[in-house]
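Architecture at a glance
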Amino acid sequence: MTAVQPIRLVLFETTHPGNIGSVARAMKTMGFSDLVLVNPVAEWLCTDSRALASGAQDVLHAARVVPTLEEALDGCGLVLAASARHRRIGCPEMNPRECAAELMGQALSRPAAIVFGPERSGLANEQLDLCNAIVYIPANPAYSSLNLSQAVQIIVYELRQQQVLAREVPPPESPLAGPAQLELLYQHFERVLLASGFLNPTNPRHLMRRLRRLFNRTRLDENELNILRGILSSLAPGSGDNPKRD
Ligand code: SAH
């Protein structure tokens with residue numbers, strides 16, 4: 001049987017240490033331990049977070065801290081974003097059960113991640129640009145914003161329920177392309193489209209965001225990504241070198 005890769009929980013710019021402790025506890029109760037904190041509040045490891053982690057001190061202390069979401073997602077294939085707001089243009093949406101099935105299935109070939117946003121603002125477009133789909137916990141439409149750790153608890157509960165089923169899912173033929181590989185594809189597209197005149201050099205962001213959303217939605221695997229890059233290189237020879245941009 002294929003070894004299941006870890007499912008990574010990523011907390012983006014969390015501001016309350018207590019929430020980080022509660023997340024560690026929620027994760028441990030459901031058997032998860034891969035916790036990454038992106039640019040959390042200073043002093044996140046404190047009396048509050050320790051108290052709320054309770055018996056999950058090991059998960060709390062093992063949390064990795066990184067400065068950017070890109071670094072948090074290093075090595076991951078499928079990346080989902082938990083959002084208290086739904087129906088974002090261009091982003092496919094799933095419920096916690098679907099999300100758990102997808103994460104467990106993809107984790108058969110490559111680590112998969114789910115990202116949770118800051119308490120006040122949730123995730124912004126810049127972070128959603130790195131994600132394949134949004135997970136929305138269907139809540140009261142008049143007040144759908146759960147406490148961060150309670151949102152995590154619901155997701156990890158569903159993941160645990162899926163664990164038995166996921167063992168029966170065959171691993172995908174080719175692993176999903178991760179955010180770093182996709183970024184190279186987007187840069188390649190941008191170069192070719194600028195050179196062909198299709199992309200307006202004074203305002204390239206809008207079209208590039210739509211293209212990102214399109215490809216993120218399709219969940220390219222590594223073979224498919226290589227085919228696309230090969231096509232771009234054949235149409236615009238020499239365009240595939242990914243020079244460093246300013
Ligand atoms: N005020 C923010 C909500 C932040 S709650 C907003 O309006 O977007 C902190 C995080 O918990 C969110 O970014 C999300 O990751 C998670 N969360 C809260 N409620 C959720 C819900 N109903 N569905 C999915 N994730 C949710």
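See above for the structure.
Reference entry: report on the structure contained in this document. (Residues numbered from 1 in each chain as written. Predicted model: local features only at pLDDT ≥ 70, side-chain atom pairs only at ≥ 80, totals over all residues. Heavy atoms only, no water.)

**Description of the packing of aromatic side chains**
Pairs of aromatic rings are described using the distance from one ring centre to the other and the angle between the two planes. The condition that has to hold: Only the six-membered ring of Trp is used, alongside the rings of Phe and Tyr, when aromatic pairs are assigned; centres must lie within 6.5 Å, and planes under 30 degrees apart are stacked while those over 60 apart are edge-to-face, with the rest tilted. Numbering of helices and strands runs from the N terminus, with a helix taken as a DSSP run of H or I at least four residues long and a strand as a DSSP run of E at least two residues long. Partly exposed residues are those whose accessible area sits between 20% and 50% of the maximum for their type, while under 20% is buried and over 50% is exposed, using a 1.4 Å probe and protein chains only.
Under the defined criterion, the tally for this structure stands at two aromatic pairs. Seen from their ring centres, Phe189 and Phe215 are 5.3 Å apart, and the 35 degrees between their planes marks the pair as tilted. Taken as a pair, Phe189 in helix 8 (residues 179-196) and Phe215 in helix 9 (residues 205-218) lie far apart in primary sequence, 26 residues in all. The burial state of Phe189 is the same as that of Phe215; both residues are buried. Every member of this aromatic cluster is reached through a ring pair, and the members are Tyr186, Phe189 and Phe215.

**Some details on the nonpolar core**
To keep things clear, this is the line we draw: Throughout, nonpolar core names a set of buried Ala, Val, Leu, Ile, Met, Phe, Trp, Tyr and Cys residues whose side chains join them through atoms within 4.5 Å. Contacts are assigned to residue pairs with any non-hydrogen atoms lying within 4.5 Å of each other.
One finds Ile114, Phe116 and Val152 to be the most contacted residues of the largest nonpolar core, which totals 40 residues. Of the residues forming this core, the biggest block, six residues, is contributed by helix 7 (residues 148-166). Setting aside chain neighbours within four positions, we find Phe116 in contact with Leu9, Val10, Leu11, Phe12, Ala82, Leu123, Leu148, Ala151, Val152 and Ile155. Judged by nonpolar contacts, the second largest core, of 19 residues, contains Val66, Cys76, Ala113 and Leu128.

**Re the site of the ligand**
For clarity, the threshold we go by: Proximity is defined per residue: if any heavy atom of the residue lies within 4 Å of a molecule or strand, that residue is considered near it. Whenever two N or O atoms come within 3.5 Å, that pair is a polar contact, provided that in protein one can donate a hydrogen and the other can accept it, and provided that, for residues adjacent in sequence, both atoms are side-chain atoms. In this description, accessible areas are obtained by the Shrake-Rupley approach with a 1.4 Å probe, and a residue is regarded as covered only by the protein chains that are shown. By the convention adopted, Pro, Cys, Tyr, Trp, Phe, Met, Ile, Leu, Val and Ala count as nonpolar, Lys, Arg, Asp and Glu as charged, and the other residues, Gly among them, as polar.
The ligand sits among 19 residues. The nearest are Ala82, Arg120, Ile137, Ser144 and Leu146. A distance of 2.7 Å is found between an oxygen atom of the ligand and a backbone nitrogen or oxygen belonging to Ala82. Contact with the protein chains covers 92% of the free accessible surface of the ligand, which is 550 Å². Partitioning the shell around the ligand into residue classes produces ten nonpolar, six polar and three charged.

**Section: the pairing of strand 2 (residues 35-38)**
Threshold: One bridge is not enough; two strands pair if DSSP finds at least two bridges between them. The path from the first strand over the helix to the second decides the hand: if it runs clockwise while the strands point away from the viewer, the crossover is right-handed.
On strand 2, burial covers both faces: Leu35 and Leu37 on one face and Val36 and Val38 on the other are all buried. In this sheet, strand 2 lies alongside strand 1 (residues 7-12) in parallel orientation, the contact comprising four bridges. Across the sheet, residue Phe12 finds its bridge partner in strand 2, namely Val38. Regarding topology, helix 1 (residues 17-29) serves as the crossover connection from strand 1 to the parallel strand 2, and that connection is right-handed.

**A word on helix 8**
Spelled out, the test is: Each residue after the first adds 1.5 Å to the expected span of a helix.
With 18 residues, helix 8 should reach 26 Å at 1.5 Å per residue; the first-to-last C-alpha distance of 25 Å fits that figure. The complete set of buried residues in helix 8 reads Pro179, Leu182, Leu185, Tyr186, Gln187, His188, Phe189, Glu190, Val192 and Leu193. Turning to helix 8, the residues buried within the fold contact strand 4 (79-82), helix 9 and helix 10 (222-235). Once helix 8 ends, the next one or two residues include Gly197, with phi positive near 90 degrees.

**Some remarks on the side chain of Asn132**
Structurally, the position occupied by Asn132 is in the loop between helix 6 (125-128) and strand 7 (133-135). Taking the relative accessible area as the measure of exposure, Asn132 reaches 6% and is therefore buried. With residues near it in sequence (within four places) discarded, Asn132 still touches Gly77, Leu78, Val79, Pro92, Asn216, Arg217 and Arg219.

**A short note on the pairing of strand 1**
Within strand 1, six of the six residues are buried, leaving the element largely enclosed by the surrounding structure. In strand 1, alternate side chains face the same way, and those of Ile7, Leu9 and Leu11 on one face and Arg8, Val10 and Phe12 on the other are all buried. For strand 1 and strand 6 (residues 112-116), the ladder comprises five bridges, and the chain directions are parallel. Along strand 6, the bridge assignment pairs Leu9 with Ile114.

**Considerations on the packing of helix 8 against helix 9**
Condition: The axes used here are C-alpha line fits, helices contributing only the stretch in contact, and every angle between their N-to-C directions lies in the interval 0 to 180 degrees. If an angle is under 35 degrees, it is roughly parallel; if it is over 145, roughly antiparallel; if it lies from 65 to 115, roughly perpendicular; otherwise it is oblique. Handedness of a crossing follows from how the near helix is turned relative to the far one, being left-handed for an anticlockwise turn of less than a right angle and right-handed for a clockwise one.
Relative orientation of the contacting elements helix 8 and helix 9 amounts to 140 degrees, with a least axis distance of 11 Å. On the basis of the axis angle, helix 8 is oblique to helix 9. Handedness of the helix 8/helix 9 crossing: right-handed. Contacts between helix 8 and helix 9 pair Leu182, Glu183, Tyr186, Phe189, Glu190 and Leu193 from the former with Met208, Leu211, Arg212, Phe215 and Asn216 from the latter. Residues that form the contact of helix 8 with helix 9 fall into these classes: seven nonpolar, one polar and three charged.

Worth remembering: the numbers are spatial, not functional.
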